[in-house]
Amino acid sequence: MRVAVAASRSSDAAPAGIEALIGRYDPAVIDVPDGRALVRLRVRGGEDWDARIEGDRVRLDPAREGEKPDATIAADPPTWMRVAGDVRAGMQAFQRGRLRVRGSLHLGVGFLAATSGAPEPGRLRFERVRTPAGRVSILSAGAGPDVLLCLHGLGGTKASFLPTVAALADRYRVVAMDFPGFGDSDKPIGAPYDSEWFARSAFDTLDALGVDAAHVVGNSMGGRVAIEAGLLDRSRVRSLALLSPALAWLRDRRWAPVVRLLRPELGLLQVAPRSVTDRIVRMLVPGGNDGWAAAGVDEFLRAYLTPRGRAAFYAAARNIYLDEPHGDDGFWARLGGLSTDALFVWGRHDTL
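Anyway, here's the lowdown on the structure attached to this text. (Residues numbered from 1 in each chain as written. Predicted model: local features only at pLDDT ≥ 70, side-chain atom pairs only at ≥ 80, totals over all residues. Heavy atoms only, no water.)

Secondary structure summary: the protein contains 12 helices and 12 strands in total. A principal-axis box enclosing the C-alpha atoms of the protein has dimensions of 70 × 45 × 40 Å. Sequence separation of 24 or more characterises 69% of the internal contacts of the protein that already satisfy a separation of 6 or more. Accessible area of the protein: about 16,600 Å², with a carbon and sulfur share of 53%. Of the charged side chains in the protein, 46 are positive and 42 negative, and the gap between their average positions amounts to 3 Å. (Helix = DSSP H or I, 4+ residues; strand = E, 2+ residues; numbered from the N terminus. Contact = heavy atoms within 4.5 Å. Areas by Shrake-Rupley, 256 points an atom, 1.4 Å probe, with all protein chains shown as cover. Lys, Arg positive; Asp, Glu negative; His and termini not counted. Charge placed at Lys NZ, Arg CZ, Asp CG, Glu CD.)

Here you go:
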């Protein structure tokens, strides 16, 4: 269903490109948490406009000073016109840095997808599916015969795979999921948040989509989860592409006794001022104040600055560090039993 809503206006009309986007808004393409969202459309050199999403409808108003948007999309007037006139221009402009998205990438890029007018099966879709661990948020596109499931790293979200989804949707049905505890998925308190639990949540997500088996791509922590999925149930994993996967440490873990005593649930009680946390994280991430890296930091902070998100992050980080390397049940012994075709990809300059 496509819902076109006339925009409310001040004395000056919104640019034609933005009006065209609002007229193409399709609520079936984007899952809006709580049914309400404010997406600010910034016109460089001109006025800002707010797209107010309420249920299946969207309204366009002049931006209100002091009101904080859930996501901000910024572009110059020519780019807005190209986005309005070409259904593929939004993602191309985003990837080339001509169009910037800050705040929630789920809502910002989801708004572009919902207003693109792109035909199936290539258009991006943002939705949530129900699993035993709660609702899992996914990004998907394409309708190829094979399914490609993408698993993000620690602190990441499905949005880190946006370029991958866009590049492969012409050949695969590509699905990128937010692990439970991260992004826009539910964040259960007291869940294990270890590789086995995440792998089973990936299988549950495939079940919710009616998919028996998939090729699995995993980055960092997601790569470790992908390996676990291949070890748990070979029949459900057609192949593995592992992008700098997190592996059990072979170096001495001198802090292991202390880390075992720490409880990640303390994140529920921790005070994490946004200004302080934001500054520290952007100092740690190269280029954290600009471009794609800045958007990635925004995604991390959206979850980490919530008590449940912090608890999930600490639990997952703890389990990566404590992943047992040795013994019959240790990671490296079990890895020898991995029979799924697997491609390991390592960055030459990956300092982590």
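Let us now look at the packing of helix α6 (residues 195–208) against helix α7 (residues 221–232). Two numbers describe how α6 lies on α7: the axes approach to 8 Å, and their chain directions differ by 75°. Taken together, α6 and α7 sit at an angle that is classed as roughly perpendicular. Facing α6, whose interface residues are S195, E196, F198, A199, R200 and F203, α7 presents M221, R224, V225, E228, A229 and L232. Of the residues assigned to the contact of α6 with α7, the class counts are seven nonpolar, one polar and four charged. (Axes fitted to C-alpha atoms, helices over the stretch in contact; angles between N-to-C directions. Parallel < 35°, antiparallel > 145°, perpendicular 65-115°, else oblique. Nonpolar A, V, L, I, M, F, W, Y, C, P; charged D, E, K, R; others polar.)

What the seven strands build is an open sheet, ordered β6-β7-β9-β8-β10-β11-β12; its pairing is mixed. With one partner strand each, in any of the chains shown, β6 (125–131) and β12 (342–345) form the two edges of the open sheet. Averaged over all pairs of adjacent strands, the angle between strand axes in this sheet comes to 25°, irrespective of strand direction. Relative to strand β7 (residues 134–141), β6 runs antiparallel, the two sharing seven bridges. By the bridge assignment for β7, R125 is matched with S140. Against the sheet, α6 engages β6, β7, β8 (147–151), β9 (173–177), β10 (214–219) and β11 (237–243), with an angle of about 110° to β6. (Pairing = 2+ DSSP bridges.)

It is worth spelling out helix α9 (residues 274–284) at this point. Of all the residues in α9, the buried ones are T277, D278, V281 and R282. Looking straight down α9, one finds its buried side chains confined to an arc of 120°; they lie on one side. α9 presents S275, M283 and L284 as exposed residues on the side facing more than 90 degrees away from its buried surface. (Buried < 20%, exposed > 50% of the residue type's maximum accessible area, 1.4 Å probe, protein only. Arc of directions from axis to C-beta.)

Ranked by size, the top nonpolar core spans 50 residues in total, and within it L41, I73, L99 and L124 carry the most contacts. Here this core gets seven residues from one element, more than from any other, and that element is helix α4 (residues 105–114). I73 has contacts with V39, R40, L41, R42, W80, L99, R100, V101, G108, F111 and L112, leaving out every residue within four places of it along the chain. In this structure, V147, L151, F198 and L209 belong to the second largest nonpolar core, which totals 46 residues. (Core = buried A, V, L, I, M, F, W, Y, C linked by side-chain atoms within 4.5 Å.)

Looking now at the side chain of R52. Relative to the helices and strands, R52 resides in strand β2 (residues 48–54). Residue classification places R52 among the buried positions, given a relative accessible area of 10%. There is a polar contact of 3.3 Å between the side chain of R52 and the side chain of D61. With residues near it in sequence (within four places) discarded, R52 still touches A37, L38, R57, V58, R59, D61, R64 and E67. (Polar contact = N/O pair within 3.5 Å; in protein donor to acceptor, adjacent residues only side chain to side chain.)

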